[in-house]
Amino acid sequence: MEFFRSHVLICGGTGCHSSGSADVMETFKAELAKNNLENEVKLVQTGCFGLCAVGPVVIVYPEGAFYSRVSVEDVSRIVSEHLLKGRIVTDLLYHDSIHEDEAIKSLNEVDFYKKQKRLALRNCGVIDPENIDEYIAFDGYKALGKVLLEMTPEETIDIIKASGLRGRGGAGFPTGVKWEFTAKAEGDKKYVCCNADEGDPGAFMDRSVLEGDPHSVLEAMAIAGYAIGADQGYIYVRAEYPIAVKRLTIAIGQAREAGLLGKNIFGTDFSFDLELRLGAGAFVCGEETALMASIEGRRGEPRPRPPFPAVKGLFGKPTLLNNVETYANIPQIILNGPEWFQTIGTEKSKGTKVFALGGKINNTGLVEVPMGTTLREIIYEIGGGIPNGKEFKAAQTGGPSGGCIPARHLDTPIDYDSLTKIGSMMGSGGLIVMDEDNCMVDIARFFLDFTVDESCGKCPPCRIGTKRMLEILDRITKGQGKEGDIEKLEELGKNIKASALCGLGQTAPNPVLSTIQYFRDEYEAHIRDKKCPAGICQALLQITIQAELCRGCGLCVKACPVDAISGERKSAHTIDQSKCIKCGACMEKCPFKAIVKG
Amino acid sequence: MKSLKELEEIKQRTLDSVNLRKERTGGTRVVVGMATCGIAAGARPVLLAFLEEVKKRNLGDVTVSQTGCIGVCRLEPMVEVTRPGEEKVTYVKMTADKVKRVVAEHIVNGHVVTEYTIGAAE
């Protein structure tokens, strides 16, 4: 055994990677070598710790020192002070990770982690995702062994059914029931698929699981293969996730080498193998029938259901399709039993849910909470609230298929059914927080713009209907809204929901309908008063100089890129509205705050 | 992979190397004074000797870490050993050879090597 007195864990998730963790890792390597510490201190690249906002994150064990925003320049200090001399560099620690007396808090005491319960993310930020042995050390592949050696496929399905696990991809269909349908379907060949085509803007839960703990998904897919009688699986992952693809490829290779994928796993007659399929960037390929068409090499378009994939799926054979996060829960449920899983969450939604926190929030990042946690707890306690003391306006869940939740529903316990009841949906787990500076009409327009772009065009309600809705919204944000527009949006939305072919079309109007439901007054202000209350919609804004505050210094004249400002020196200036492009450059330059937007 | 036993072997083999990252629940702590005085007196070979012994004996639940000046610079290199549930024991004027005895007698078998302790030196 190699014994290292200290482990340095460096986050290698996409968030920290983009803030420079790869360079930090290299510098650590060099600094450790310089100080002859390579044989005492182990460097480990892990998956996401969740606090992407303060990346790159580095944790040093055994002390559990949580360093945040570590730059290349900081590394030599951490090595020479902490690793060589044993003095923790307190000023580089994450601000909430030390007590007042400078003692280090355990991670569970840090506000960001206190209310979290990490099941799907249990190994993220703990193990080296490129080392199968570390996964095994944390009970990896034990569930697969247990299932293959001690249980029948029926018993396996019964456990998943009894646990109450529901699909984490968005719709929340009971996972065990899906497994049972596929197991009972007739077919000489069956398939297990994993949907890792995470396309919602602002969502990165599945990416983090794949980057931080790829083996948990492989193990669960093999378990599913045994349960339904399949010997082949496919993981459909976005090509835009290069780190996830790389780690999955490594993981599949290691699992094959260890005999955990391939023929006669655990000496039984069960054989199972996996292949990766890369998506080419179409949002619609996250829809199950389109996804399977894409795996088959056809154009990624959905088809009507039934027949459901459980009956007629990939290559016309019965197919089980689950989402990454759903799979990541499976090994735990097998090992700890359905009763254990039942104790977490609410009556109808068991377990935990991972959310990708984004938008106007201090702790941008990845959180996993028990079902039934309120939005307020997630935003204010875990998320650290809204930056600059701004007022919360709404939270958007479920991406382009979901809706906006206003402040008055902040205390709703989050689960599948309560979110549907208030006009949003669980969705895959993107959670975008909006404050008083966000215009809800503009948000609705943004999401619809996305759906129009990504509509595959197969069915008219989605292809034409969402386009018409977008045109109306465009007009409203440009100050050309008319009486009756809101009603027309509602009518179109309801019809598209009722008639579109696939789940994406059926949910596309949700962002518009839910913002109308909760923020109708903002729509009305745009249409009737030609005003954007949040000050976002450019066409409805005017930048003006308040004459009584203007001293005529001329700084704004120099700042204006289009020469729209004129005036005598030492007397009030004016803006020519026909020339103004509303860039706001003059507002930033004005020393007297005489220029206002409204 | 042929059996659960094989899986368990990989687990046990790797567990020792990842244990360090779990929440600490007991286990013996070895702390070596590594301030300027300690380093000048030869604390580094002592630290390395501890690592070597721990590795050799496969002692998965022992953590070896450093601290700053323990205070009695003339008695450096100093080492504090805390076994779970027991009083901290401070060893002074440590050398690599002494480390072997401390690990064998104290850390493994629970008998304090009294002659090396600060009490004996005073």
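Everything numeric here is computed off the predicted structure, so don't read it as measured data.

## Structural notes on the packing of aromatic side chains
Item 1. In the structure shown here, the tally under the stated rule is eleven aromatic pairs over all chains.
Item 2. Measuring from ring centre to ring centre gives 5.4 Å for Phe66(A) and Tyr94(A), while their planes differ by 45 degrees; the resulting arrangement is tilted. With Phe66(A) in strand β4 (residues 65-67) and Tyr94(A) in the loop between α3 (72-85) and α4 (111-114), this pair connects stretches of sequence that are 28 residues apart.
Item 3. Residue classification places Phe66(A) among the buried positions, given a relative accessible area of 1%.
Item 4. Overall, the relative accessible area of 3% leaves Tyr94(A) in the buried class.
Item 5. An angle of 80 degrees between the planes, with centres 5.5 Å apart, marks the rings of Tyr226(A) and Phe270(A) as edge-to-face. Remark: Phe270(A) occurs in the loop between α11 (242-257) and β7 (273-279) and Tyr226(A) occurs in helix α10 (residues 214-228); sequence separation between them is 44 residues. A single burial state applies to Tyr226(A) and to Phe270(A), both of which are buried.
Item 6. Each residue in the set Phe66(A), Tyr94(A), Phe112(A) and Tyr113(A) is aromatic and connected to the rest through ring pairs, giving one cluster.
Item 7. Above the plane of the ring of Phe355(A) lies Lys353(A), whose end atom (NZ or CZ) is 5.8 Å from the centre.
Item 8. Taking the ring centre of Tyr116(B) as reference, the NZ or CZ of Lys98(B) above it sits at 5.0 Å.

## Let's talk about the interface of chain B and chain A
Item 1. Across the contact, 34 residues belong to chain B and 48 residues belong to chain A.
Item 2. Carbon and sulfur atoms make up 60% of the surface buried where chain B meets chain A, a total of about 3,300 Å² over both sides.
Item 3. Where chain B meets chain A, there are three salt bridges.
Item 4. Across the pair Asp133(A) and Arg13(B) runs a salt bridge whose closest N-O atoms are separated by 3.5 Å.
Item 5. At the surface where chain B touches chain A, the tally comes to five residue pairs in polar contact (both at pLDDT 80 or more).
Item 6. Those elements giving two or more residues to the side of chain B that touches chain A turn out to be α1 (4-18), α3 (43-57) and β2 (63-67) of chain B.

## Concerning the domain arrangement of chain A
Item 1. Along its sequence, chain A is organised into domain 1 (6-109), domain 2 (132-341), domain 3 (352-435), domain 4 (440-528) and domain 5 (542-597).
Item 2. Taken over C-alpha atoms, the centre of domain 3 of chain A sits 39 Å from the centre of domain 5 of chain A.

## Re the pairing of strand β2 (residues 41-46) of chain A
All names here are of chain A.
Item 1. Of all the six residues making up β2, five are buried; the element is thus mostly covered by neighbouring parts of the structure.
Item 2. Sheet topology note: the strand β1 (residues 6-11)/β2 ladder contains six bridges and is parallel. Across the sheet, Val8 pairs through a bridge with Leu43, a residue of β2.

Conventions and cut-offs
Residues numbered from 1 in each chain as written. Chains lettered and ligands numbered in written order. Predicted model: local features only at pLDDT ≥ 70, side-chain atom pairs only at ≥ 80, totals over all residues. Heavy atoms only, no water. Phe/Tyr/Trp six-rings, centres within 6.5 Å; stacked < 30°, edge-to-face > 60°. Helix = DSSP H or I, 4+ residues; strand = E, 2+ residues; numbered from the N terminus. Buried < 20%, exposed > 50% of the residue type's maximum accessible area, 1.4 Å probe, protein only. Lys NZ or Arg CZ within 6 Å of the ring centre and 35° of its normal. Contact = heavy atoms within 4.5 Å. Buried area = accessible area lost by both parts, 1.4 Å probe. Salt bridge = Lys/Arg side-chain N within 4 Å of Asp/Glu carboxyl O. Polar contact = N/O pair within 3.5 Å; in protein donor to acceptor, adjacent residues only side chain to side chain. Domains from an automatic or database assignment. Pairing = 2+ DSSP bridges.

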